[in-house]
Amino acid sequence: MRGLFLTIIATLTTLTLFAQSHPALQGKVVDTSGNAIEYATVVVTDQSNNTIASASVNQGSFSIAHIPQGEYYVSILLVGYHPYESEITRLGAQSVNLGTITFHEVENQLKQITVTGEKNRIVYKLDRKTINASSSLSAVGGTAIDVLSSTPSIRIDADGGVSFRGSTGFLVYVDGKQSALEGAQALAQIPAASIEDIEIITTPSARYRTDGDAGIINIKTKRTDEQGFSGMVNMAGSTVGAWNTDLMLSYKKGASRWYIGGTGIEDRGKSDFYQTKTTIVDDFTTTSIADGSRNRNNASYIGKLGWELALDKHSLQVELQSGMTKNARGGDMLYDEHRMQGTNILNDNTYDSHDRYSNEKQLAQIATDYTWKVNERGDIFSITGRLRYDWYALEYTESNMFETSGQRYEGTRGYESEHHWDFDGTANYALHYAPSGSADIGYQYTSYSEHGDYNIKYWDRQQHDFMWQDDLYAPFFYRRQIHSAYVMLNHRFGNLELDAGVRTDHTIDEMTIEIEDASRYIKRTELFPSAHMAYNNGNDTYSAGYSYRTSRPGIWQLEPYITYEDYYTKMTGNPDIKPEYIHSAEIGYRRRIAEKHSLALTAFYRHRRGVRERVRVAYEPGVTLDSLINAGVDRTMGIELNSTIKTCRWWDMTINGSLFRYDFNAKYEGCSDNTNTSYMFSMINNFTLGSNTLLQVDAFAVGPTVLTQGREEAYCYFDVALRQQLFNKRLSLSLVAHDIFRTARYDNYRKSPTLISTTHVKPKYPNIVLSLSYAFNTKHKAHTGAATKGAIFDGKDF
């Protein structure tokens, strides 16, 4: 470690001396709202109009080294904006800083159709891709999941779960800070109308937390920076009963800004459900047929209050959030059960089944962000902190089984009551050792703890009542602490940009639970490197990235007691489950064509060790148990395509696709080796019908995928959306129809030595969404804002 530190210091010193020996030009480029401009071209010419040097604007900044001393003009160009040209500029022995340059959008009138320079749907950066939320009209009235649904390699599963390149392990940030919620749950609670952009960081650098094998999804919310009062409100509802609304008000005076807002959302869905399941336990063979419906209602009501102060060298933000979330699901169906022992038929019965699940939390979170610009060179010291407390959390499961006469046959009631504490804090120093180079050195501490207990009671047929199972009562305490240190280097050599870094994590896991041999105390110290490069020569960009990460099991995956999804489906955790370790790499090529079209290709590879999967085994006659295991090793490799085509002045087309191969090598009995080639495809067509009217027609195809015990089949669906803007585009009305041809369906097949099951799920119809958005005293932006996903199948995990 000492050798690594000395090497870094020597590298910084060398780069500093090297950079100081050459004159350089630098500056910043923003739009009229102060947002950083991306990918503008900076050109330095002499007085004879000869090009001396060029560079691209990255994250709102540019720098050019190795320019001979002399007098030059500096031009900055970007399609959709008025070009910038400097006065004659003298470059000498010292670096020249042009300061902040403001770009102004160009507006063209073409036969009464206004073209306002819409942002590209997907913008690629050194280590991430940025999705413009307003470009997905079919997401209107929905959530972040809807915005992501048409992104290459993003798959939305039957219960609204999100996977990227085949993995569900990702971190969710909101405006650069970790979300109060986790994973798909966090995405499902953020209305699309409040989102400006979504960043997908596929190979995160060492400055980020290492959890999440698929990377990081950062939601950048809309904000207003106008002086005085400003705000926006969005509302949406659907024919399946889903709705959401959000409100944001702000007041800015000088350098100080106050804001208050709130979000309410109920993401409802309902699907037809049919399943055949055969279990073999000893010499008992049981076949059950379930026919009915499953439903969900994921609700949240969150309010926030914040204050920002932006001075020349200091900035501070403090934000408080509080509210409640409740994720609920259930099923109502008839079970036909046929049971045999050997060749003897034991029974043929029909049961009426009703199951319910809910996970309710009441929480509060405070987050702070302080930044200090240390010197004119641009060094920045920053401290961020976040503390969340869930003072009430209850996970409840209920299963009910009745005979056709109405007499109760079986039933359970499970209660897991908890209190959560969650904290993370980061201190970072960004050293700008040269106009084109910087280093980040930081420390991060994260802690998560919860304590609570688990109770369950069973229906007693003799007592005709539910009886507590005292032998299954399980109080528990869990805490995870991670101490992290990292160093990152970033340097631009003309058109080539490089970054590299390393992070060390010291993890302490402690679980105390009153179940025999289930308590654990584990320490791990691990290194996680990363590296990225990008080369831009104007119209063409080449990139590559690598990241080594881990996916640590959460407390709910460690808990060893049994819970019920319904009478025939039980679940349990595994206190000995190990983390996954993931190598991720990708290379990319992007090209702008004739200033109207674009093409992006990304080839990716991921190797995952210790694949964590739920396997289903026969537990009792007719009953299965889902348990968590480290199933084996997998490899995923593939290619992604993103292309934008301006077919004519009123028709824009975006084509996204991915083709990938998945290989799984089983290391656990009951799982088998598996190989699959799959695909995803989407075509998004935007038709400009008038200056304020837009029609969008989308087509989606999702290929088959393999599981450790089976397979999910392919499906496709089509969405249509219409948006009308009124009152100088301050008011937007949108109408979306999902899966208009009713082609979306979920088909799953599982097979093991003791289990054979088939599951078919199809969403209820129709699913039509109406959305309204209004903004005042804020920059005119295309508002998004479907109250349900395009194709969500409730109940696929049963």
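Residues numbered from 1 in each chain as written. Predicted model: local features only at pLDDT ≥ 70, side-chain atom pairs only at ≥ 80, totals over all residues. Heavy atoms only, no water.

Remarks on the overall build of the chain
Helix and strand counts for the chain stand at 4 helices and 47 strands. Here the chain holds 798 residues, and the buried ones make up 54% of them. Just so you have it, the chain exposes about 33,600 Å², and 56% of that area is on carbon and sulfur atoms. (Helix = DSSP H or I, 4+ residues; strand = E, 2+ residues; numbered from the N terminus. Buried < 20%, exposed > 50% of the residue type's maximum accessible area, 1.4 Å probe, protein only. Areas by Shrake-Rupley, 256 points an atom, 1.4 Å probe, with all protein chains shown as cover.)

Points about the packing of aromatic side chains
Where two aromatic rings form a pair, the distance of their centres and the angle of their planes describe that pair. In the structure shown here, the tally under the stated rule is 19 aromatic pairs. With a centroid separation of 6.2 Å and an interplanar angle of 45°, the aromatic rings of phenylalanine 423 and tyrosine 445 are classed as tilted. With phenylalanine 423 in strand β26 (residues 408-434) and tyrosine 445 in strand β27 (residues 437-460), the pair connects residues that are 22 residues apart, well separated along the chain. Centre to centre, the rings of tryptophan 459 and phenylalanine 466 are 5.2 Å apart; their planes meet at 70°, and the pair counts as edge-to-face. Its relative accessible area of 16% is what places tryptophan 459 among the buried residues. Assessed through its relative accessible area of 16%, phenylalanine 466 is described here as buried. Pairwise contacts between aromatic rings join Tyr396, Tyr415 and Trp468 into one cluster. Just above the ring of phenylalanine 273 sits the side chain of arginine 294; from NZ or CZ to the centre is 5.9 Å. Between the NZ or CZ atom of arginine 461 and the centre of the ring of tyrosine 409, over which it lies, the distance is 4.0 Å. (Phe/Tyr/Trp six-rings, centres within 6.5 Å; stacked < 30°, edge-to-face > 60°. Lys NZ or Arg CZ within 6 Å of the ring centre and 35° of its normal.)

Some thoughts on the pattern of salt bridges
Tallied over the full model, the rule gives 31 salt bridges. Residue arginine 661 pairs with aspartate 663 through a salt bridge whose shortest N-O separation is 3.2 Å. For aspartate 663, a relative accessible area of 23% corresponds to the partly exposed category. Residues joined in a network through salt bridges with shared partners are Arg209, Asp211, Arg503, Asp505 and Arg552. (Salt bridge = Lys/Arg side-chain N within 4 Å of Asp/Glu carboxyl O.)

What to know about the pairing of strand β44 (residues 731-737)
It is a general feature of regular strands that their side chains alternate between the two faces of the sheet. Pairing between strand β43 (residues 715-726) and β44: 7 bridges, direction antiparallel. When the bridges of β44 are listed, glutamine 725 appears paired with serine 732. Relative to strand β47 (residues 768-776), β44 is paired through 7 bridges, and the arrangement is antiparallel. Bridging across to β47, serine 732 finds its partner in serine 773. (Pairing = 2+ DSSP bridges.)

What about the environment of tyrosine 717?
Here tyrosine 717 is to be found in strand β43. On the accessibility criterion, tyrosine 717 (6% relative accessible area) is buried. As for tyrosine 717 and phenylalanine 700, which are separated by 17 residues in sequence, their C-alpha atoms are 5.4 Å apart.

Topic: the confidence of the model for the chain
On average, the chain scores 82 in pLDDT, and the residues at 70 or more come to 86%. In the model of the chain, strand β10 (residues 113-115) stands out as the element of lowest mean pLDDT, 29, in contrast to strand β28 (residues 465-468), which has the highest, 94. Counting contacts from residues 4-23, a segment whose pLDDT is below 50, to residues more than four positions away or on other chains yields 20 contacts. Taken as a whole, residues 780-798 scores under 50 in pLDDT and shows 130 contacts with residues more than four places along the chain or in a different chain. (pLDDT = per-residue confidence, 0-100. Contact = heavy atoms within 4.5 Å.)

Points about the side chain of threonine 412
By secondary structure assignment, the location of threonine 412 is in strand β26. In this structure threonine 412 comes out as buried when scored by relative accessible area, which is 4%. Within the structure, threonine 412 has its side chain in polar contact with the side chain of serine 399 (distance 2.6 Å). Residue contacts for threonine 412: discarding those within four places in its chain leaves Thr397, Glu398, Ser399, Lys457, Tyr458, Phe466 and Tyr564. (Polar contact = N/O pair within 3.5 Å; in protein donor to acceptor, adjacent residues only side chain to side chain.)

Describing the environment of phenylalanine 62
Positionally, phenylalanine 62 belongs in strand β4 (residues 61-65). For the pair phenylalanine 62 and alanine 40, spaced 22 residues apart in the sequence, the C-alpha separation amounts to 9.4 Å. Setting aside anything within four residues of it in sequence, one finds phenylalanine 62 in contact with Leu25, Gln26, Gly27, Lys28, Val29, Val42, Ser56, Val57, Ile76 and Leu98.

Structural notes on the side chain of lysine 570
Within the fold, lysine 570 resides in strand β34 (residues 569-572). Residue contacts for lysine 570: discarding those within four places in its chain leaves Ile562, Thr563, Tyr564, Tyr619, Glu620, Val623, Thr624, Leu625 and Asp626.

Looking at the pairing of strand β5 (residues 70-77)
Pairing of strand β2 (residues 41-45) with β5, which is carried by 5 bridges, proceeds in the antiparallel orientation. The partner of valine 42 across the bridge, within β5, is isoleucine 76. Relative to strand β7 (residues 89-91), β5 runs antiparallel, the two being bridged by 3 bridges. Looking across to β7, one finds that tyrosine 72 is bridged to threonine 89.

Description of a nonpolar patch on the surface
A contiguous nonpolar patch, built from Phe229, Leu247, Leu249, Tyr251, Trp258, Ile260, Leu305, Leu320, Ile366, Leu387, Trp421 and Phe423 and spanning about 1,100 Å² of accessible area, is present on the exposed surface. Sorting the residues of the nonpolar patch by element identifies β20 (243-253), β21 (256-281) and β26 as the ones contributing at least two each. Residue classification places tryptophan 421 among the partly exposed positions, given a relative accessible area of 42%. (Patch = residues over 30% accessible without salt bridge, like charges linked within 9 Å, V, L, I, M, F, W, Y side chains within 5 Å.)

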